[in-house]
Structure formats: C-alpha cells, structure tokens
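# Survey of secondary and tertiary structure
Each chain, letter by letter, is given below.
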Amino acid sequence: MIDPVSVTPAAAELIRSLREQHGPLMFHQSGGCCDGSAPMCYPAGEFRTGGSDVLLASLDVDGVPEPVEFWMSAAQWALWRHTRLTVDVVPGRGSGFSLEAPEGVRFLIRSHLAEPGPADGRR
C-alpha cells in the first residue's frame, strides 16, 4: 500500500529545522474552518489525539531520526480518503499554534486523486 501522505523537499527541509529547534514532531489536520484545514505541526504528543483522529502516516524524513506522525480528524479523512496528500510549504504566515508560524512560512496540503488499485483496496 502506498502511503497517503508525502512531503516535498521544501517541507522536509523545514521539518528538519523545526526538529532541531523543538525535538520530535507530529502533524494534525482537523478540517475545521480558517487554518483548521491546514496541517498543523506540533511537538510530538503536544496535540492530544483520540478516537476521532486517524493516523495516516509515519513519515520518514531524511535527517530526522524518528518518524513524524501525520494525523487527521476521522471526519476530514472520510472526505479525503480518495486522495494522496503532499505536505508542502509556502511563504506567508498562517494562524494558529503551528510551529512554523514564526518562520514566515506555512505548511499546506496539496492533494491529487489516488489511483485505484487492488493493493490499497480502493475502488
């Protein structure tokens, strides 16, 4: 099965920098209003996940010693499960508590339709 989440080289570079500053990291995307639909980066474990969240991927990022978990609210994943998600970085400051906010950039998700296939059970 192909991971539903990947990162661009620019996102990987920012993740490495944030890892050096803050230690192990995680992402969560809620699908709420405003920046709630953007992936938010936190120190690992700082955002409490629960039964209404889905672990989509444990991202292996070169230069980061541990996987970076990517969580999404189950309700949001129900709408996006037919897509492949790519974490990217763009200039600008998002709102919220995401760790990249002071850097003058923000994470965002780029998505494209997943190719159906027997390996991932999608039709």
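Placed above this text is the structure.
What comes next concerns the included structure. Remember, it's a predicted structure, so these values are computed and weren't measured experimentally. (Residues numbered from 1 in each chain as written. Predicted model: local features only at pLDDT ≥ 70, side-chain atom pairs only at ≥ 80, totals over all residues. Heavy atoms only, no water.)

### Observations concerning the sheet that holds strand β2 (residues 25–29)
Here we have four strands laid out as an open sheet, ordered β3-β2-β5-β4, and mixed in their pairing. For this open sheet the edge positions go to β3 (40–43) and β4 (53–59), each flanked by a neighbour on one side alone. Put simply, the sheet's adjacent strands are angled 25° from each other on average, direction ignored. Relative to the sheet, helix α1 (residues 9–22) contacts β2, β3 and β5 (68–73), its axis offset from that of β2 by approximately 120°. (Pairing = 2+ DSSP bridges. Helix = DSSP H or I, 4+ residues; strand = E, 2+ residues; numbered from the N terminus. Axes fitted to C-alpha atoms, helices over the stretch in contact; angles between N-to-C directions. Contact = heavy atoms within 4.5 Å.)

### With respect to the sheet that holds strand β7 (residues 105–113)
Taken together, three strands build an open sheet; the order of strands is β1-β6-β7 and the sheet is mixed. Pairing within the sheet leaves two strands with one partner each, and these edge strands are β1 (5–7) and β7. Within the sheet, the average angular offset between the axes of one strand and its neighbour, ignoring direction, is 30°. The sheet contact formed by strand β6 (residues 83–91) and β7 spans nine bridges and is antiparallel. Each bridged residue has a counterpart across the sheet, and for leucine 85 the counterpart in β7 is serine 111.

### Re the pattern of salt bridges
By the definition in use, this model includes two salt bridges. Notably, a salt bridge pairs arginine 19 with glutamate 66, separated by 2.6 Å at the nearest N-O pair. With a gap of 47 residues between them, arginine 19 in helix α1 and glutamate 66 in the loop between β4 and β5 connect regions that are remote in the sequence. (Salt bridge = Lys/Arg side-chain N within 4 Å of Asp/Glu carboxyl O.)

### Considerations on the pairing of β6
With eight of nine residues buried, β6 is to be regarded as a mostly interior element. As paired elements, β1 and β6 share three bridges and run parallel to each other. Each bridged residue has a counterpart across the sheet, and for valine 7 the counterpart in β6 is valine 87. (Buried < 20%, exposed > 50% of the residue type's maximum accessible area, 1.4 Å probe, protein only.)

### A look at the side chain of glutamine 76
Considering the arrangement of structural elements, one finds glutamine 76 in helix α2 (residues 74–80). Assessed through its relative accessible area of 9%, glutamine 76 is described here as buried. Beyond its immediate chain neighbours, meaning those up to four positions away, glutamine 76 contacts Gln29, Ser30 and Gly31.

### Remarks on α1
Its 14 residues give α1 an end-to-end C-alpha distance of 20 Å, which sits within 8% of 20 Å, the value for a rise of 1.5 Å per residue. The inward-facing, buried residues of α1 contact β1, β2, β3, β5, β6 and β7. Of the residues trailing α1, glycine 23 is marked for its positive phi of about 85°. (Expected span 1.5 Å × (residues − 1).)

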